Amino acid sequence: MTTKPKVKKFRIRRSSPLATIVAETDKPAAADAAQAPATPRAESSIAKVVDPTPTPTDAPPPRDADTADAADRGRAAQAVRADAAMASGRQADRAAGEPPTPTPAQDASISDADDVRSEDDINALRKEGLTGRQLRMARRLAQKHGLTATSDFDAVRQLRARGIDPFERSSMLELVVPQNEGQTGTSLGESRVQLPQTMDPRQVPSTTVPQPAARPDPVANRIREISDIQRDIARRRRRKSLLLFTRLLFFVGLPTMLAGYYYYVIATPMYATKSEFVIQQSEGGAASGGALGGLFSGTGFATSQDSITVQSYLQSRDVMLRLDGDLGFKTVFSDPSIDAIQRLPDDASNEDAYKLFKKNVEIGYDPSEGIIKMEVVAPDPAISAEWSRKMIEYAEEQIDNLTLRLRGDQMEGALDSFADAEAKMQAAQARVLELQEKLGVFDPTAESGGVMSQITTFEVQLQEKRLQLQQLLDNRRPNQARVDGVRGDIERLENLVSRLRGQLTDGTGDGSSLARVSGELRMAEVDLQTRTLMMQQALQQLETARIEANRQVRYLSVGVSPVPPDEATYPRAFENTLLAALIFSGIYLMCSLTASILREQVSA
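From a predicted model like this one, the values you see are computed outputs, not experimental measurements.

K.L.:
Where do I start with the nonpolar core in this structure?
P.N.:
Burial of nonpolar side chains together is a common tendency in soluble globular proteins. Counting 35 residues, the largest nonpolar core has Phe277, Leu314 and Phe357 as its most contacted members. Broken down by secondary-structure element, the contributors of at least two residues to this core are strand 1 (271–281), helix 14 (304–314), helix 15 (317–327), helix 16 (329–333), helix 17 (350–360), strand 2 (361–366), strand 3 (371–378) and helix 18 (381–439). Here the element with the most residues in this core is helix 18; it accounts for 6 residues. With near-sequence residues (within four places) excluded, Leu314 lies in contact with Phe277, Val319, Phe357, Ile363, Met374, Met391 and Ala395.

Encoded structure:
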């Protein structure tokens, strides 16, 4: 955009070409000027350009009233002549069909005070750093109001001159243009003015050239704008703070007050009985198992599985049903004196009772020390302590039943093995005794040894007799009687030895041979020894099973006995109210963040 040069106002001297033209056209235009009076707009425009009178700053003031009146009449006559000359020139141009020739006054590019002010305003607008989007919005708004703007900054200047903020958010109703106005092309601002209005005297055209308005101080304007912005920010901040406080009061404060009223006034006091117990195992079995067997003895790891099992059992439906059958769990919590939130309905199902049971019975297990901690809550302290003792009995029964089957199976197998080995050993012993009685031999080894010793003795005697017979036969004339006697002895000894040897190997009559008897007795004795050894092993297994069964035995030792409290444990009014406030604040914060994100996404 090309800006016009800024020059100071000056007078057009009477000797200039413009004054000559005005003097020449004075006479012909006088008649036309008399018939057609000059309009205020034309008169003012010509007065601005052709006024030869000096400005107040250049010309001295008139000396008397006559001189001033004469000067005023001269200026009026000159203005009328100039208007008539311009009118006659335009008529001549129209008659000739040629474009009008601009006058020297129109040809002169002289910036008046309004142009200078508009240029200053546009330069100030350039320094504001307006974005392209804001300039486009201003141009569209200027077109909607029927303003002809040479640039985007000029559109902003003209809108602000009319008192319209081009960057203010308009409602949807203001953006709708009536159909008639769209067809006729009239602007919204012009359509609103439908009646004659009084014009401000300051806007009436004057023949005098106005003085240029004093330029506002940019520093003061900047300070004033900053103050306006700060006041607007403070006002918005106060409004937003008030809205935030109202939302917090409605969504956080009111629910917290209701929760505190319930905990302090309505809630029924509850009494909690605490107890602690530990599950232990026999030390003898672990010690007899060696160093590895007693490695974890006395720690919580040795009975961790049993402790976890007991913890799960105490929180099961079985315990709730047993407690209800023994001590009336449902009846206690169905009492009308309990508040409606904690009270159990009269026709409550087992599931409802079980939910309340899990809420009022807490079982904790510490794996580092192996301690089970139990807390039982009831509306009466005596009932709470009684329930706690009853549940400890249930836990002890469950511990005994955990290893009962394992111990029974181990002992049963060992006892069966020992009984079978003992029966077989007794059968082998009876077989040996039967053979001894049947064969008449107590010890086959001793019997065979005696027979062999006899055979050896007789064989020695037989050898001697044979030597004696040989000695007698060596004589030339042996004694026949002695030779026959020796031979008879030899024969008798040989028969005796043969009979003894036959007694060892061959049976005679109803009796069996000594070798058979010895073999049968030896086999029976070996069988007896084997059965005896198996019985000893079975006995050792039985002892081992008994030790293992003793090691499987679990004991429940109560560390903290249940004692009824003398003051109510629940509800903890302050802690619960504070927790409710935190919960409602978190919910409000999450909802606010979600709403803000959705609003930003929708607006984007």
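K.L.:
Please explain the pattern of salt bridges as it appears in this structure.
P.N.:
Two side chains of opposite charge can pair, provided their charged atoms sit close to one another. As enumerated under the stated definition, the model contains 16 salt bridges in all. One salt bridge connects Arg236 with Asp232, and the closest N-O pair in it is separated by 3.0 Å. A residue pair is termed a helical-turn pair when its members lie 3 or 4 positions apart in one helix, as Arg236 and Asp232 do in helix 12 (residues 218–266) at 4 residues. Residue Arg236 is classed as partly exposed on the basis of its relative accessible area, which comes to 46%. For Lys390, the salt bridge is made with Glu393, and the minimal N-O distance between the two is 3.8 Å. With Lys390 and Glu393 both in helix 18, this residue pair falls 3 residues apart, about one helical turn. Accessibility expressed as a relative area gives 25% for Lys390, which makes it partly exposed.

K.L.:
Can you walk me through the sheet that holds strand 4 (residues 554–560) in this structure?
P.N.:
Two strands in a sheet stick together by hydrogen bonds in their backbones, pointing the same way (parallel) or opposite ways (antiparallel). As summarised here, the arrangement of the 4 strands in space is 2-3-1-4, forming an open sheet in which the pairing is antiparallel. This sheet does not close on itself; its edge strands, each paired only once, are strand 2 and strand 4. Across the sheet, the axes of successive neighbouring strands diverge by a mean angle of 25°, strand direction being ignored. Across 8 bridges, the pairing between strand 1 and strand 3 is antiparallel. Within strand 3, the residue paired with Phe277 across the bridge is Ile372. Packed on one face of the sheet, helix 14 meets strand 1, strand 2, strand 3 and strand 4 and runs near 170° to strand 2.

K.L.:
Sorry if this is basic, but what is going on with the packing of aromatic side chains here?
P.N.:
Working definition: an aromatic ring pair is given by the centre-to-centre distance plus the angle between the planes. Tallying each qualifying case throughout the model produces 7 aromatic pairs. Judged by centre distance (5.0 Å) and plane angle (90°), the rings of Phe250 and Phe251 are edge-to-face. Both rings, one in Phe251 and one in Tyr588, keep their centres 6.1 Å apart while their planes meet at 25°; by these two values the pair is stacked. Residue Phe251 is located in helix 12, and its partner Tyr588 is located in helix 22 (residues 573–603); the two are separated by 337 residues in the primary sequence. Look at Phe251 and you get partly exposed, because its relative accessible area is 43%. An aromatic cluster is defined as three or more aromatic residues linked by ring pairs; in this entry it consists of Phe329, Phe333, Phe357 and Trp387. Here the basic side chain of Arg322 rests over the ring of Tyr394, its NZ or CZ set 4.0 Å away from the ring centre.

Cut-offs used in this document
Residues numbered from 1 in each chain as written. Predicted model: local features only at pLDDT ≥ 70, side-chain atom pairs only at ≥ 80, totals over all residues. Heavy atoms only, no water. Core = buried A, V, L, I, M, F, W, Y, C linked by side-chain atoms within 4.5 Å. Buried < 20%, exposed > 50% of the residue type's maximum accessible area, 1.4 Å probe, protein only. Helix = DSSP H or I, 4+ residues; strand = E, 2+ residues; numbered from the N terminus. Contact = heavy atoms within 4.5 Å. Salt bridge = Lys/Arg side-chain N within 4 Å of Asp/Glu carboxyl O. Pairing = 2+ DSSP bridges. Axes fitted to C-alpha atoms, helices over the stretch in contact; angles between N-to-C directions. Phe/Tyr/Trp six-rings, centres within 6.5 Å; stacked < 30°, edge-to-face > 60°. Lys NZ or Arg CZ within 6 Å of the ring centre and 35° of its normal.

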